[in-house]
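What follows is the residue order along each chain.
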Amino acid sequence: MILVTGGAGFIGANFVLDWLAQVGEPVVNLDRLTYAGNLGNLAAVKDDRRHQFVRGDIGDRGLVANLLETHRPRAIINFAAETHVDRSIHGPAAFIETNVVGTFALLDVARTHFAALPPIERAQFRFLHVSTDEVFGSLGPDEAGFSETTAYAPNSPYSASKAAADHLVRAYHHTYDLPVLTTNCSNNYGPRQFPEKLIPLMFHNAVAGKPLPVYGDGGNVRDWLFVGDHCAAIRVVLERGRVGETYNVGGSAERTNLEVVETLCRILGEQKPGRDYRKQITFVKDRPGHDRRYAIDATKIGRELGWAPRETFDSGLAATVRWYLENSAWLAAVTSGEYHKWVSLNYAAGAVA
Ligand code: NAD
Ligand code: DAU
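In this convention, every chain numbers its residues from 1, walking through the sequence in written order. For naming, the first written chain is A and the first written ligand is 1, with later ones following in the order written. Residue-level local features of this predicted model are given only where pLDDT is at least 70; pairs of side-chain atoms are given and counted only at 80 or more, and the full residue set underlies all totals for whole chains, interfaces and linings. Working from all heavy atoms in the structure, the side-chain values ignore hydrogens and water.

### A look at the packing of aromatic side chains
In step 1: Here a pair means two rings of Phe, Tyr or Trp (six-membered ring of Trp) with centres within 6.5 Å. Their orientation is stacked below 30 degrees between planes, edge-to-face above 60, and tilted elsewhere. Per the counting criterion, the structure on display carries 19 aromatic pairs.
In step 2: Relative to Trp-330, the ring of Trp-323 lies with its centre 5.3 Å away and its plane at 75°, an arrangement referred to as edge-to-face.
In step 3: Measuring from centroid to centroid gives 5.9 Å for Tyr-324 and Trp-330, while their planes differ by 80°, and the two rings are edge-to-face.
In step 4: Here the term buried applies to any residue with accessible area under 20% of the maximum for its type, exposed to any over 50%, and partly exposed to those in between, with areas from a 1.4 Å probe on protein chains only. By relative accessible area, which is 2% here, Tyr-324 ends up buried.
In step 5: Each residue in the set Phe-136, Phe-146, Tyr-152 and Tyr-294 is aromatic and connected to the rest through ring pairs, giving one cluster.

Here's what the structure looks like:
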């Protein structure tokens, strides 16, 4: 079996559902259920005996040691993190706590566990750390995409905390021989993404007839990947990735934010006609320290492991819009209560550019 952390969040939950459907091996899912974690994401496997949910923190050494001893997973896949850049600007401490201190505790407990395993289990064991392209900083308009040898240059408290975690993962391999793998992925989108991130936030505002708040001039570029393609990449890295290596994962789908929002408006117009959603686009005050451009060079994972994305940006976005339209109850549940506090903090009156 495998131990997944952060498996009630966006990518983690998609991974667990995908894993049980494609591989079928049992999963223990450790998640603290922060505002971003949602058991509704796992409703489809609620009664599936192959899935065991445990509410807890990756920084709880006793709990993690107990889970490792009880279940003896062949792999730990670490998705658990604080993930929203804007929140890291308003409150960085939680990012240091989970992404740095929490990952450190998880690594340390894994190291002790690994050291005591019998040889056959030791040979199979993997610690796969899920990271981001944001650790590489920002690209100029004509620069080549980030490769695995690009120097780290994180610019936000979020990316700095992920970079710190990546360095710890690397150090635990070099110093203690922990069999680690790291993936650095570009921007994901798809079903079950919390509507603080660009695409679900724009969907939510569009159908509610609210402004679509594009930061700055809308010219910042991201490289978009459908979440199912990210899950497939993690599966191949886990099965065939070389221990100690890092793999960059991206969609080869660079778009400016304005292009993303306009495409979303067009697709939404096709699936839920009756309004020109583009008219709701509003330019608002920019994010402080906003990275201008990210792009991934995914040559290594393609060449070594044969991975390539299946969805194009248009096909993935159409599937995503369909999912959100068909799952309005999910969206309503996650946008009640605390969500309003976040929206009024980040999009305060006067933020319009
Ligand atoms: P998310 O915010 O949707 O989910 C994070 C999950 O981690 C939540 O379920 C939360 O409850 C849980 N969690 C937070 N702190 C925890 C702790 N201390 N202990 C246990 N669980 C905890 O995030 P996501 O978008 O699904 O991202 C998952 C991982 O992928 C993160 O490590 C992130 O850095 C990385 N990543 C995300 C993207 C993206 O575009 N979303 C791209 C590249 C990499
Ligand atoms: O690149 C991978 C990263 O992608 C992940 O590591 C992060 O966890 C994930 O949050 C994401 O970071 P971004 O900051 O790129 O994603 P976000 O969805 O917050 O924003 C995407 C772009 O859209 C960014 O340039 C900021 C802009 N934006 C975002 C929001 C929420 C807007 O213009 N308006 C908005 O309201």
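### Some words on the site of ligand 1
In step 1: The environment of ligand 1 is made up of 28 residues, and the closest members are Ile-11, Asp-31, Thr-83, Tyr-158 and Lys-162.
In step 2: Methods summary: accessible areas were calculated by the Shrake-Rupley approach with a probe of 1.4 Å, and residue burial reflects only the protein chains presented. Surface burial for ligand 1 is 97%, taken as the share of its 840 Å² of free accessible area covered by protein chains.
In step 3: For the purposes of this entry, the term helix denotes a DSSP run of H or I that reaches at least four residues, the term strand denotes a run of E that reaches at least two, and both are numbered from the N terminus. Of the residues forming the shell around ligand 1, the biggest block, three residues, is contributed by strand β5 (residues 126-132).
In step 4: Each residue gets one label: Ala, Val, Leu, Ile, Met, Phe, Trp, Tyr, Cys and Pro are nonpolar, Asp, Glu, Lys and Arg are charged, and the others, such as Gly, are polar. Here the residues of the shell around ligand 1 are counted per class, giving 12 nonpolar, 12 polar and four charged. Here a residue is near a molecule or strand as soon as one of its heavy atoms is found within 4 Å of it.

### Re the site of ligand 2
In step 1: As a structural note, the neighbourhood of ligand 2 is formed by 25 residues, with Asp-133, Glu-134, Tyr-158, His-290 and Tyr-347 the closest of them.
In step 2: Residues adjacent in sequence count toward polar contacts only when both atoms are side-chain atoms; beyond that, a polar contact is any pair of N or O atoms within 3.5 Å, and within protein one must be able to donate a hydrogen and the other to accept it. A distance of 2.8 Å separates an oxygen atom of ligand 2 from a polar side-chain atom of Arg-222.
In step 3: Note that an oxygen atom of ligand 2 is positioned 2.6 Å from one of the side-chain N or O atoms of His-290.
In step 4: Secondary-structure elements contributing two or more residues to the shell around ligand 2 are α7 (198-207) and β8 (212-215).
In step 5: For the shell around ligand 2, the residue count by class is 11 nonpolar, eight polar and six charged.

### Some remarks on the side chain of Asn-38
In step 1: With respect to the helices and strands, the residue Asn-38 is situated in the loop between β2 (27-31) and β3 (51-55).
In step 2: Within polar-contact distance, the side chain of Asn-38 engages the backbone nitrogen of Gly-40 at 2.8 Å.
In step 3: Beyond its immediate stretch of four places on either side in the chain, Asn-38 contacts Ala-8, Leu-33, Trp-330 and Val-334. Here, residues are in contact when the closest pair of their heavy atoms is within 4.5 Å.

### Remarks on the pairing of strand β9 (residues 221-226)
In step 1: Most of β9 is tucked away, with six of its six residues classed as buried.
In step 2: Of the two faces of β9, the one holding Val-221, Asp-223 and Leu-225 and the one holding Arg-222, Trp-224 and Phe-226 are both buried throughout.
In step 3: Any two strands between which DSSP finds at least two bridges are classified as paired. Direction of pairing for β9 relative to strand β11 (residues 254-256): antiparallel, over a ladder of three bridges. Within β11, the residue paired with Asp-223 across the bridge is Glu-254.

### Remarks on the sheet that holds β11
In step 1: Within the open sheet, the three strands sit side by side as β7-β9-β11. Their pairing is mixed. Single-partner strands in this sheet number two, and they are β7 (187-189) and β11. Ignoring which end each strand starts from, the neighbouring axes of this sheet average 50° apart.
In step 2: Note: β7 against β9, three bridges, orientation parallel. The residue of β9 that forms the bridge with Asn-187 is Trp-224. As a rule, the C-alpha atoms of each element are fitted with a line to give its axis, helices using only the stretch in contact, and angles between N-to-C directions run from 0 to 180 degrees.

### With respect to the packing of helix α9 (residues 257-271) against helix α11 (residues 313-326)
In step 1: As a packed pair, α9 and α11 sit with axes 10 Å apart at the nearest point and diverge in direction by 55°. Judged on the interaxial angle alone, α11 and α9 are oblique. Read as a crossing pair, α9 and α11 show a hand that is right-handed. Facing α9, whose interface residues are Val-260, Thr-263, Leu-264, Arg-266, Ile-267, Leu-268 and Gln-271, α11 presents Phe-313, Asp-314, Leu-317, Ala-318, Val-321, Arg-322 and Leu-325. Each angle receives one of four descriptions, namely roughly parallel if under 35 degrees, roughly antiparallel if over 145, roughly perpendicular if within 65 to 115, and oblique otherwise. By convention, the crossing between two helices is left-handed when the near helix turns anticlockwise from the far helix through less than a right angle, and right-handed when the turn is clockwise.

### Observations regarding unusual backbone geometry
In step 1: The phi torsion at Asp-177 lies on the positive side, around 65°, for a residue other than glycine.
In step 2: Note that Asp-177 resides in the loop between α6 (157-176) and β6 (180-185).
In step 3: The exposure class assigned to Asp-177 is exposed, which follows from its relative accessible area of 53%.

### Some words on the pairing of β8
In step 1: In β8, alternate side chains face the same way, and those of Leu-212 and Val-214 on one face and Pro-213 and Tyr-215 on the other are all buried.
In step 2: Note: β8 against strand β12 (residues 281-284), four bridges, orientation parallel. Counted as the bridge partner of Pro-213 is Thr-282 from β12.

### What to know about the environment of Gly-56
In step 1: Structurally, Gly-56 can be placed in the loop between β3 and α2 (61-71).
In step 2: Residue classification places Gly-56 among the buried positions, given a relative accessible area of 11%.
In step 3: Sequence spacing of Gly-56 and Gly-6 is 50 residues, and the spatial spacing of their C-alpha atoms is 9.7 Å.
In step 4: Among all residues touching Gly-56, those that are not within four sequence positions of it are Leu-30, Asp-31, Arg-32 and Leu-63.

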